[in-house]
Amino acid sequence: MTRIGYFNKTHGHNGEINLTVEVQFDYEECHFIFINIDGLPVPFEIDSVRERNDNTLLVAFQRMD
């Protein structure tokens with residue numbers, strides 16, 4: 001696994017999160033993001049990704065109902 005960046009804050013009312021990107025990667029081919037929680041990598045399925053600016057993406061994850 002490679003660290004791609006870090007989350008800043010939520011964005012709007014659609015459940016998106018600001019992801020500050022530290023390295024270039026093909027986010028259109030990315031289906032999961034692993035988030036380090038208590039030292040363990042936990043996979044989250046991506047629902048949508050859109051660019052906010054040069055180094056920030058807005059990411060929404062699949063809901064688990």
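Everything discussed here concerns the structure shown above.
Anyway, here's the lowdown on the structure attached to this text. (Residues numbered from 1 in each chain as written. Predicted model: local features only at pLDDT ≥ 70, side-chain atom pairs only at ≥ 80, totals over all residues. Heavy atoms only, no water.)

## Quick word on the nonpolar core
Argument step 1. Of all hydrophobic cores here, the largest spans 9 residues; its members are I4, L19, V21, Y27, I33, I46, L57, V59 and F61.
Argument step 2. Every element with two or more residues in this core is listed here: strand 2 (16–21) and strand 5 (56–61).
Argument step 3. Ranked by residues supplied to this core, first place goes to strand 5 with 3 residues.
Argument step 4. Excluding anything up to four places from it in sequence, V21 contacts I4, G5, N55 and L57. (Core = buried A, V, L, I, M, F, W, Y, C linked by side-chain atoms within 4.5 Å. Buried < 20%, exposed > 50% of the residue type's maximum accessible area, 1.4 Å probe, protein only. Helix = DSSP H or I, 4+ residues; strand = E, 2+ residues; numbered from the N terminus. Contact = heavy atoms within 4.5 Å.)

## Side note on the environment of V42
Argument step 1. The residue V42 is located in strand 4 (residues 40–53) in this model.
Argument step 2. With relative accessibility at 28%, the residue V42 sits in the partly exposed group.
Argument step 3. Remark: the alpha-carbon pair of V42 and F32, spanning 10 residues in sequence, is separated by 9.7 Å.

## What about the sheet that holds strand 3 (residues 32–37)?
Argument step 1. As summarised here, the arrangement of the 5 strands in space is 1-2-5-4-3, forming an open sheet in which the pairing is antiparallel. Each edge of the open sheet carries a strand with a single partner, namely strand 1 (5–11) and strand 3. On average, each strand axis in the sheet is tilted by 45° relative to the strand beside it, whichever way the strands run.
Argument step 2. As judged from the 4 bridges shared by strand 2 and strand 5, these two strands associate in the antiparallel manner. Across the sheet, the residue bridging to N18 is L58, located in strand 5. (Pairing = 2+ DSSP bridges. Axes fitted to C-alpha atoms, helices over the stretch in contact; angles between N-to-C directions.)

## Quick look at unusual backbone geometry
Argument step 1. The backbone of D38 sits at a positive phi, close to 55°, despite the residue not being glycine.
Argument step 2. Structurally, D38 is set in the loop between strand 3 and strand 4.

## A closer look at the packing of aromatic side chains
Argument step 1. Here the structure, examined in full by the defined rule, presents 3 aromatic pairs.
Argument step 2. On the basis of an interplanar angle of 70° and a centroid distance of 6.1 Å, the ring pair of F7 and F61 is categorised as edge-to-face. Placement of the pair is F7 in strand 1 and F61 in strand 5, with a sequence separation of 54 residues.
Argument step 3. Residue classification places F7 among the partly exposed positions, given a relative accessible area of 29%.
Argument step 4. Looking at F61, the relative accessible area reads 16%, which means it is buried.
Argument step 5. An angle of 50° between the planes, with centres 5.5 Å apart, marks the rings of F44 and F61 as tilted. On the criterion of sequence distance, the pair formed by F44 in strand 4 and F61 in strand 5 is long-range, its members being 17 residues apart. (Phe/Tyr/Trp six-rings, centres within 6.5 Å; stacked < 30°, edge-to-face > 60°.)

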